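# Survey of secondary and tertiary structure
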Amino acid sequence: MHCKVHVFYFPPEGDESSVQNPTGALLRFAGMGNLIKVLTRDIDHNAAHFFLDFESKSLGPSQLVHLKWYLNMGNLLKVLTCTDLEQGPNFFLDFENAQPTESEKEIYNQVNVVLKDAEGILEDLQSYRGAGHEIREAIQHPNDEKLQEKAWGAVVPLVGKLKKFYEFSQRLEAGLRGLLGALTSTPYSPTQHLEREQALAKQFAEILHFTLRFDELKMTNPAIQNDFSYYRRTLSRMRINNVPAEGENEVNNELANRMSLFYAEATPMLKTLSDATTKFVSENKNLPIENTTDCLSTMASVCRVMLETPEYRSRFTNEETVSFCLRVMVGVIILYDHVHPVGAFAKTSKIDMKGCIKVLKDQPPNSVEGLLNALRYTTKHLNDETTSKQIKSMLQ
């Protein structure tokens, strides 16, 4: 059974003790122990071993003052009460207008330098046509030197673009690690961080949005791997024949190996972020893994709630914000699934997967098929035995 308590109250003038120490005010309320347990779910997971008396009118005026003032704190109450998956963290994350506070500016400015180049990277990838024709001609006429030179001349500048994409993935990884450090630090909870540091949360969302768009474009462009494979084969042959290769200064053998691994992935940017997040967790052993996974699950829940709540959705002034939220929600689900030991689909997951999938399926079909495919094919735990049949059928 789920119960909700709604109390609307404005604190009386002169009650400065409540303002200065709201937590103390709450605890001073006699008999609040069990209610705090309800709010924070600090009870046995299977049963509630107490009776919450909604009928008694024996509360004193001062007790009501402190309780009602605390409940009126809005988002802080939501931090306490929104562990229930059906509700989720319930606040509006302003993806359109969030601006950095003074404490956010250092990290924000570092990440902003990276994000300024993101749109240009996507435009370059979208216009990437490949050298398929020239490569086919060169392979079909191996003794025609002019065709070999023409293919090489077409491929080398393209590999320069692929190098730029790869190097951007490294910059993006560094930006993500900086944001994770800021959004998971103590003493605040992930929900508090996302509410307090909305500009950083927005940047985190922008990284995920870029990542899914990049990978969608890469998956539908087989020319990328074909071009790079041809480049490596030709470069190897030129070395054997002691032929100088202009392109080798552009991409040396070590870099070519790393790029080859990167482009061999179906979703290379997502793999980069997953690895970066896993590495962040392993390198920060003093930070509980829950700080990171809760940050991801909270972001997923916030996006879902904003999308399914008309009051919030009506606050979007740009129609693109809906697709932005959808991509971000899917991105954090996939990251969570890769980083969390049991993944996003298990019953113990803090992400309401049924709710998230429903939100996706409520959109126009053509607009979300790529995102549904991302959940189907780029997650790690979807096919585990712990995943419910209902979730699997929803994604079929």
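Predicted model only: the values in this text are computed from it and were never measured.

## Focus: the packing of helix α9 (residues 145-183) against helix α14 (residues 268-283)
Axis separation between α9 and α14 bottoms out at 9 Å; the angle between their running directions is 40°. By the angle class used here, α9 and α14 are oblique. Once α9 is placed against α14, the crossing between them reads as right-handed. Facing Phe165, Phe168, Ser169, Leu172, Glu173, Leu176, Arg177, Leu180 and Gly181 of α9, the residues of α14 in contact are Met269, Thr272, Leu273, Ala276, Thr277, Lys279, Phe280 and Glu283. Here the contact of α9 with α14 is built from residues that sort into nine nonpolar, four polar and four charged.

## Considerations on helix α7 (residues 118-126)
Here α7 has its buried residues at Ala118, Ile121, Leu122, Asp124 and Leu125. Buried residues in α7, looked at end-on, bunch into an arc of 160°, giving them a common side. For α7, the exposed residues set more than 90 degrees away from the buried face come down to Glu123 and Gln126. Where α7 is buried, its residues contact α6 (105-115), α9, α11 (198-219) and α12 (223-240).

## Here we look at the nonpolar core
Among the nonpolar cores identified, the biggest contains 100 residues, and Phe204, Phe210, Leu326, Met329, Ile333 and Leu360 are the most heavily contacted of them. Considering each element in turn, this core owes the most residues, 16 residues, to α9. Beyond its immediate chain neighbours, meaning those up to four positions away, Ile333 contacts Ala300, Ala344, Ile351, Met353, Cys356 and Leu375.

## Things to note about the side chain of Ser349
Position of Ser349 among the secondary structure elements: in the loop between α17 (320-339) and α18 (353-361). Reaching out from Ser349, the side chain makes a polar contact with the backbone nitrogen of Ile351 at a distance of 3.0 Å.

## Regarding α6
Taken as a whole, α6 has its buried residues at Tyr108, Val111, Val114 and Leu115. The arc enclosing the buried residues of α6, seen along the axis, measures out at 120°, which places them on a common side. In the core, the buried residues of α6 are packed alongside α7, α9 and α11.

## Considering the pattern of salt bridges
In the structure shown here, the tally under the stated rule is 14 salt bridges. In this structure, Glu119 and Arg213 form a salt bridge, with 3.5 Å as the shortest nitrogen-oxygen distance. Of the two residues, Glu119 is situated in helix α7 and Arg213 in helix α11; the sequence distance between them amounts to 94 residues. By relative accessible area, which is 40% here, Glu119 ends up partly exposed. Judged by relative accessible area, Arg213 falls into the partly exposed class, the value being 24%. Where Glu308 meets Arg304, a salt bridge forms, and the shortest distance between an N and an O atom there is 2.6 Å. Of this pair, Glu308 and Arg304 both sit in helix α15 (residues 289-308), separated by four residues, roughly a single helical turn. Look at Glu308 and you get partly exposed, because its relative accessible area is 39%.

## Remarks on the packing of aromatic side chains
This structure, assessed with the given rule, holds eight aromatic pairs. A ring pair is formed by Trp152 and Tyr231, whose centres lie 5.3 Å apart and whose planes are at 5°; its orientation type is stacked. Taken together, the residues span a long stretch of sequence, with Trp152 in helix α9 and Tyr231 in helix α12 at a distance of 79 residues. Each member of the pair, Trp152 as well as Tyr231, is classed as buried. Their ring planes at 75° and their centres at 5.4 Å tell us that Tyr166 and Phe262 sit as a pair that is edge-to-face. Residue Tyr166 is located in helix α9, and its partner Phe262 is located in helix α13 (residues 253-264); the two are separated by 96 residues in the primary sequence.

## A closer look at the confidence of the model for the protein
Of the residues in the protein, 74% reach a pLDDT of 70 or more, and the chain-wide mean stands at 78. In this model residues 1-19 is a low-confidence stretch, pLDDT under 50, and it forms 22 contacts with partners more than four residues away in sequence or in other chains. Note on residues 25-88: pLDDT under 50 across the span, and 85 contacts to partners over four residues away in sequence or across chains.

## A look at the side chain of Glu173
With respect to the element layout, Glu173 can be found in helix α9. The side chain of Glu173 is buried and forms no salt bridge, while Arg177, the nearest opposite charge, is found at 4.8 Å. When residues no more than four places from it in sequence are discounted, the contact partners of Glu173 are Thr272 and Ala276.

Cut-offs and rules
- Residues numbered from 1 in each chain as written.
- Predicted model: local features only at pLDDT ≥ 70, side-chain atom pairs only at ≥ 80, totals over all residues.
- Heavy atoms only, no water.
- Axes fitted to C-alpha atoms, helices over the stretch in contact; angles between N-to-C directions.
- Helix = DSSP H or I, 4+ residues; strand = E, 2+ residues; numbered from the N terminus.
- Parallel < 35°, antiparallel > 145°, perpendicular 65-115°, else oblique.
- Left-handed = near helix turned anticlockwise from the far one by under 90°.
- Contact = heavy atoms within 4.5 Å.
- Nonpolar A, V, L, I, M, F, W, Y, C, P; charged D, E, K, R; others polar.
- Buried < 20%, exposed > 50% of the residue type's maximum accessible area, 1.4 Å probe, protein only.
- Arc of directions from axis to C-beta.
- Core = buried A, V, L, I, M, F, W, Y, C linked by side-chain atoms within 4.5 Å.
- Polar contact = N/O pair within 3.5 Å; in protein donor to acceptor, adjacent residues only side chain to side chain.
- Salt bridge = Lys/Arg side-chain N within 4 Å of Asp/Glu carboxyl O.
- Phe/Tyr/Trp six-rings, centres within 6.5 Å; stacked < 30°, edge-to-face > 60°.
- pLDDT = per-residue confidence, 0-100.
- Lys, Arg positive; Asp, Glu negative; His and termini not counted.

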